[in-house]
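Examination of the molecular architecture
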Amino acid sequence: MKKIISLYKIIFAAAFLFITPLSAQNTKSTQPGKDTLRYRTNQNYQLQNSMYDLYKTHQADIVMLGNSLTHGTAWNELLGRPNVVERGITSDVLYGYEARLASIYKLNPKIVFIMGGLNDIYNWTPVEDIFSIYVRIINALKSKNIILVIQSTTYATKTYGKDWGGTPERNFGRNREVDKINKLLFDYAKKNNLDYIDLNSLTAGKDGFLRPELTWDGIHFKADAYRIWAREVEKILVKHNL
């Protein structure tokens, strides 16, 4: 018995010696960086993607692409239009958007409204990196002859996250990062003749925070905020005769 156990140890040790260097080499040479894979650890990502794959809609003229803010309403009912679908995923980051663009292409939309970046900011992703990913997504969608509408990354309230360590100072700092990405997106939209919806100018107070009466938790919208948002979306749709 002792000889058998010793033999198992030798075999296991040999296997470890041969396999480990190869695994380490693959990790260094082929695996994406940690930030690019963050979306895969989001349980909502796989759950919601599987639901979107299950849905019977094969074509939609209008797609609302985003995170939990986009996912927070039934856009076809809010806009009173049957040809609109939402493709928002709670806690999604822009790398996640990019990874699921094929599901957007399958819908053959005429126009896509995109909003994102806030989860990236709260994950401390540098604004320059966020903008770079955003531009890649925009260009990918434009390559399919889809009309792109950029929607501003939205603010948090002063007291957002107070139950788990959020402070007014932290939220102020994150909102200023939001200002930075929005400035880059606004300038990009202007330079490339893209529509841009500035929701912060309609939902923020003079203090530079999301107005408390428009949110139920400090970051996600109530009905009044969605009413404001829908009005701006409708203006763009009318502009494009959709």
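Here is a short report on the structure shown in this document. (Residues numbered from 1 in each chain as written. Predicted model: local features only at pLDDT ≥ 70, side-chain atom pairs only at ≥ 80, totals over all residues. Heavy atoms only, no water.)

**What about the packing of helix α8 (residues 127-142) against helix α9 (residues 168-191)?**
When two helices pack together, their arrangement is given by the angle between the helix axes and the distance between those axes. Relative to each other, α8 and α9 sit at 35°, their axes nearing to 10 Å. As α8 packs across α9, the resulting crossing turns out to be right-handed. The residues of α9 that touch α8, namely those facing V127, I130, F131, Y134, V135, I138 and N139, are E177, K180, I181, L184, L185 and Y188. Among the residues forming the contact of α8 with α9, the class breakdown is ten nonpolar, one polar and two charged. (Axes fitted to C-alpha atoms, helices over the stretch in contact; angles between N-to-C directions. Helix = DSSP H or I, 4+ residues; strand = E, 2+ residues; numbered from the N terminus. Left-handed = near helix turned anticlockwise from the far one by under 90°. Contact = heavy atoms within 4.5 Å. Nonpolar A, V, L, I, M, F, W, Y, C, P; charged D, E, K, R; others polar.)

**Overview of the packing of aromatic side chains**
Summed over all chains, the structure comprises eleven aromatic pairs. For the pair W75 and W229, a centre-to-centre distance of 4.8 Å together with 80° between the ring planes defines the contact as edge-to-face. Residue W75 is located in helix α4 (residues 75-79), and its partner W229 is located in helix α11 (residues 223-239); the two are separated by 154 residues in the primary sequence. Each member of the pair W75 and W229 is classed as buried. With a centroid separation of 6.0 Å and 80° between ring planes, the pair formed by F131 and Y188 is classed as edge-to-face. Taken together, the positions of F131 in helix α8 and Y188 in helix α9 put the pair 57 residues apart, joining distant regions of the chain. (Phe/Tyr/Trp six-rings, centres within 6.5 Å; stacked < 30°, edge-to-face > 60°. Buried < 20%, exposed > 50% of the residue type's maximum accessible area, 1.4 Å probe, protein only.)

**Quick word on the pairing of strand β4 (residues 147-151)**
Of all five residues in β4, four are buried, a share of seventy percent or more. By the bridge criterion, four bridges tie strand β3 (residues 111-114) to β4 in an arrangement that is parallel. Residue F113 lies in a different strand from β4, and its bridge partner there is V149. As paired strands, β4 and strand β5 (residues 195-197) are joined by three bridges and run parallel to one another. Across the sheet, the residue bridging to V149 is D195, located in β5. Crossover handedness for the path β4 to α9 to β5: right-handed. (Pairing = 2+ DSSP bridges. Right-handed = clockwise from strand over helix to strand, strands pointing away.)

**As for α11**
The terminal C-alpha atoms of α11 lie 24 Å apart, and with 17 residues this matches the ideal 24 Å at 1.5 Å per residue to within 8%. By the burial criterion, the buried members of α11 are A225, Y226, I228, W229, A230, E232, V233, I236 and L237. A positive phi of about 60° marks N241, the residue just after α11. (Expected span 1.5 Å × (residues − 1).)

**A word on the environment of E177**
Within the element layout of this structure, E177 appears in helix α9. Separated by 50 residues in sequence, E177 and V127 place their C-alpha atoms 6.9 Å apart.

**As for the pattern of salt bridges**
Within this structure, the stated rule accounts for twelve salt bridges. The partner of D187 in a salt bridge is K183, with the nearest N and O atoms 2.6 Å apart. A residue pair is termed a helical-turn pair when its members lie 3 or 4 positions apart in one helix, as D187 and K183 do in helix α9 at four residues. Residue classification places D187 among the partly exposed positions, given a relative accessible area of 34%. With a shortest N-O distance of 2.9 Å, E213 and R211 are connected by a salt bridge. (Salt bridge = Lys/Arg side-chain N within 4 Å of Asp/Glu carboxyl O.)

**Focus: the nonpolar core**
Nonpolar side chains in soluble globular proteins tend to end up buried together. Core analysis: the largest hydrophobic core is formed by 62 residues, its most contacted members being F113, L141, I150, W229 and V233. A total of ten residues in this core trace back to one element, the largest contributor, which is α8. Look past the residues within four positions of F113 in its chain and what remains in contact with it is I62, V63, M64, L65, V149, Q151, I197, V233, I236 and L237. (Core = buried A, V, L, I, M, F, W, Y, C linked by side-chain atoms within 4.5 Å.)

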